[in-house]
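Read off the chains here:
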Amino acid sequence: MSPLPESKIAPAARRSKLAVRGVGKTFQFSGRETIEAVRGVSFDVMENEICALLGPSGCGKSTVLRMVAGLEEPTSGAMTLDGHRIEGPDKSRGMVFQAYTSFDWLTVQQNVEYGMRINKVPKTERKERAARFIDLVKLTRFRNAYPSQLSGGMRQRVAIARTLANDPSILLMDEPFGALDAETRWQMQELMVGIAETSQTTLLLVTHDLEEAIFLADRIVFMSRHPGTVRENLMVDFKKGRRFQSREQMIEAPGYYELEKKIMHLMRDESRRDADSAAGQAH
Amino acid sequence: MGPSVSGIASDRDGAAPLPAKPRARRIFEYKRAIPWTWALGLGISIWVLFFGLWEIASVRGWVNATFMPAPHTVLGTLYVMLAERAFLTDIMVSVYRIVVSFLAASAIAVPIGVLMGCFRVVDAFVNPFVAAWRYLPAPSFVPLLLMWFGAGEGSKLALLFIGVVFFLATLVMDHTRAVRTELIETGMTLGASRRQILRTVVVPAVLPNILISMRQMLAVSWTYLVIAEIVASTTGIGAVMMRGQRFLHVDEIMAGIVVIGVLGLAFDFLFRFAHRLLFPYLQRGNN
């Protein structure tokens, strides 16, 4: 087994990239009815860090991500990226969705060039960058294919290359591998580690898959529901500042089971609380 | 195949493989695809059957020849009409009316439908109007249109326009609404402006369905054409058929119906062809 590669930047040298401060979101439905989805959420994502928002379904993690993307407006609190206040969507926060978002009428190459075309990147640079990122997601053979000819995992790689080629300051991913079969999912997770290392990307990822969070993330923000709040902010420190290249490495690493067990307990506790409150309402 | 992996028995080690026993193909299979030769043969045979029965019924005298002339009589009449009575001019007049009115209706309905599907403000403003007009039968405007535009081209084009524009706008709106939000939001997080998203995401995403809606509405357009030409026209296929009725020339009426059917098929084929040509990415497994 090859030794774990050192991460390029030591944790101490990292600066806060994304700052989320006391963010809340209350949805209004047809006048009177309101649902508080998220309350007082605060956390940081450091430069070049991979951060996972983890939690049971309905904990508001996707809402938090959508607010960071600017697709949803917070009802309270504020967020900054590189010190600038987040208002509305823009190219500094590129997002990859769970549903396939490849543009079916464009080839792989044209899909990856899309953002750069919109942002008026000169043609030669556009072509060159697109080729580089298509290579990074290992789709060079398929650059002239249409998305309908590709598998689900390949389409997701097109979306990742398209977002990264547009040079975002942070990459946002909303359960990006959730629609894939188990084997493709871990292949994508392993590929994603390589992509993050090569492109020096800061990544904020939403997932409900605990192993995915541990494998990919340097930091896990565990969220609790009703309403969505941050329950624990965990550094994945058993990795000692390195990232795994394969799942086997992760499973063999000392400290992995302890962290998995700890998060399992958190999840168990969440479902127990739900059962209790449901029982309380029934009486 | 290479050597068998230890612990996993290959076919040779164990029992002899069971020979595959292909089951005879049955004619009726639920939802199973059929060879294209079958499809072609079946498609032709229903027409052969239809005209065959008609021909037999006429020749044997089972039906009154005045009201139900035989297919070969109708085709003969059609030839005479084309060769000696300038029927082609009438056909061209009808085609011209269809094409001009349909292009005008599409030029209005498609952009409005797309905007209604994208923006709730446009929808709230335009839809109450469009929805009401859809429920008014277009032919009920014929008397009004005749007073406004007279018996010239204007009244026919206006009827065809009214008959198509509101339905087409609604169809286009529905298809535009169905464009997935994630596609639009992807555009937003890649830095596209609202105008750029309309041009580079929404329109290309909905265009194939717009073409399908146009194809459906073109068929409706033919219905209104015949109504317009029967009610108030001296030219066009409908007018020729109306004259045939006045002189009890049933063969001429039927010739008109045949021509409309053939033209309908031809236009439908054109739309399908354009669809294939414009949207190669919808053909699965090409390259």
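Refer to the structure above for everything that follows.
Since this is a predicted model, take the numbers as computed values, not measurements. (Residues numbered from 1 in each chain as written. Chains lettered and ligands numbered in written order. Predicted model: local features only at pLDDT ≥ 70, side-chain atom pairs only at ≥ 80, totals over all residues. Heavy atoms only, no water.)

## Quick word on the overall build of chain A
Within chain A, the regular secondary structure consists of eight helices and ten strands. For 283 residues, the compact-globule formula gives about 19 Å, and the C-alpha radius of gyration of chain A, at 19 Å, lands near that figure. With the C-alpha coordinates of chain A rotated into their principal frame, the extents come out at 65 × 55 × 40 Å. Looking at chain A residue by residue over its 283 residues, the buried ones come to 53%. (Helix = DSSP H or I, 4+ residues; strand = E, 2+ residues; numbered from the N terminus. Rg over C-alpha atoms; globule rule 2.2 N^0.38 Å. Buried < 20%, exposed > 50% of the residue type's maximum accessible area, 1.4 Å probe, protein only.)

## Remarks on empty space enclosed by the protein
If a probe the size of a water molecule is rolled over the atoms, the empty space left behind becomes visible. All names here are of chain B. Here the structure, examined in full by the defined rule, presents two cavities of 30 Å³ or more. Its volume calculated, the second largest cavity comes out at about 60 Å³. Together, Val-142, Leu-145, Leu-146, Ser-155, Lys-156, Leu-159, Ala-228, Val-231 and Ala-232 line the second largest cavity. Contributing elements (two or more residues each) for the lining of the second largest cavity: helix H5 (142-149), helix H6 (153-177) and helix H8 (194-231). (1 Å grid on protein atoms, 1.4 Å probe; cavity = no way out; pocket = protein on both sides within 12 Å on 5 of 7 lines; lining within 4 Å. Points joined across faces, edges and corners; volume = space filled by probe spheres on them.)

## So, helix H1 (residues 61-69) of chain A
Residue and element names in this part refer to chain A. Counting buried positions along H1 yields eight of nine residues, so the element is predominantly enclosed. Turning to H1, its buried residues number three or more, namely Lys-61, Thr-63, Val-64, Leu-65, Arg-66, Met-67, Val-68 and Ala-69. Just downstream of H1, Gly-70 is the residue with a positive phi angle, here 85°.

## Let's talk about the pattern of salt bridges
Residues and elements named next belong to chain A. Inspection of every chain in the model, using the stated rule, returns 27 salt bridges over all chains. When the shortest N-O distance is used, the salt bridge between Asp-269 and Arg-231 registers 2.6 Å. A residue pair is termed long-range when its members are at least 10 positions apart, and Asp-269 in helix H8 (residues 256-282) and Arg-231 in strand S10 (residues 229-235) qualify at 38 residues. A relative accessible area of 24% means that Asp-269 is categorised as partly exposed. Taking the relative accessible area as the measure of exposure, Arg-231 reaches 32% and is therefore partly exposed. (Salt bridge = Lys/Arg side-chain N within 4 Å of Asp/Glu carboxyl O.)

## Details of helix H4 (residues 120-135) of chain B
Residue and element names in this part refer to chain B. Compared with an ideal rise of 1.5 Å per residue, which puts 16 residues at 22 Å, H4 spans 22 Å between its outermost C-alpha atoms and is within 8% of the ideal. The largest bend in H4 comes to about 45°, at Val-126, with the proline Pro-128 one to four residues further on. Taken as a whole, H4 has its buried residues at Asp-123, Val-126, Asn-127 and Val-130. Buried residues along H4 sit against helix H3 (87-118) and H6. (Expected span 1.5 Å × (residues − 1). Bend = angle between axes of the 7 residues up to and from the residue. Contact = heavy atoms within 4.5 Å.)

## Things to note about the interface of chain B and chain A
Many authors give the size of an interface as the accessible area that is lost as the parts come together. Contacts between the two partners involve 21 residues from chain B, matched on the other side by 29 residues from chain A. Both sides of the chain B and chain A interface together cover about 2100 Å² of buried area, and 60% of this is carbon and sulfur. Broken down residue by residue, the surface that chain B buries against chain A is led by Thr-189, Leu-190 and Tyr-281 of chain B, which jointly contribute 35%. Two residues, Glu-185 of chain B and Arg-66 of chain A, come together in a salt bridge whose shortest N-O distance is 2.6 Å. Applying the counting criterion to the chain B and chain A interface returns eight residue pairs in polar contact (both at pLDDT 80 or more). Counting only elements with at least two residues in the side of chain B that touches chain A, the list comes to helix H7 (181-189) and H8 of chain B. It is H7 of chain B that provides the largest number of residues to the side of chain B that touches chain A, a total of seven residues. (Buried area = accessible area lost by both parts, 1.4 Å probe. Polar contact = N/O pair within 3.5 Å; in protein donor to acceptor, adjacent residues only side chain to side chain.)

## Some details on the pairing of strand S6 (residues 93-96) of chain A
Residue and element names in this part refer to chain A. The alternating pattern of S6 places Arg-93 and Met-95 on one face and Gly-94 and Val-96 on the opposite face, and all of these are buried. Relative to strand S7 (residues 170-174), S6 runs parallel, the two being bridged by four bridges. If you follow Gly-94 over to S7, its bridge partner there is Leu-171. (Pairing = 2+ DSSP bridges.)

## Quick look at the side chain of Arg-66 of chain A
Here Arg-66 of chain A is to be found in helix H1. Excluding anything up to four places from it in sequence, Arg-66 of chain A contacts Leu-71, Glu-72, Met-95 and Phe-97 of chain A together with Glu-185 of chain B.

## Some remarks on the layout of surface pockets
All names here are of chain B. As a volume, the largest pocket reaches approximately 430 Å³. Around the largest pocket, the lining is made up of 16 residues, and of these Cys-118, Phe-119, Thr-181, Ile-184 and Met-188 lie nearest the centre. At the level of elements, H3, H6, H7 and H8 are the ones that each hand at least two residues to the lining of the largest pocket. Considering only residue class, the lining of the largest pocket consists of nine nonpolar, three polar and four charged. (Nonpolar A, V, L, I, M, F, W, Y, C, P; charged D, E, K, R; others polar.)

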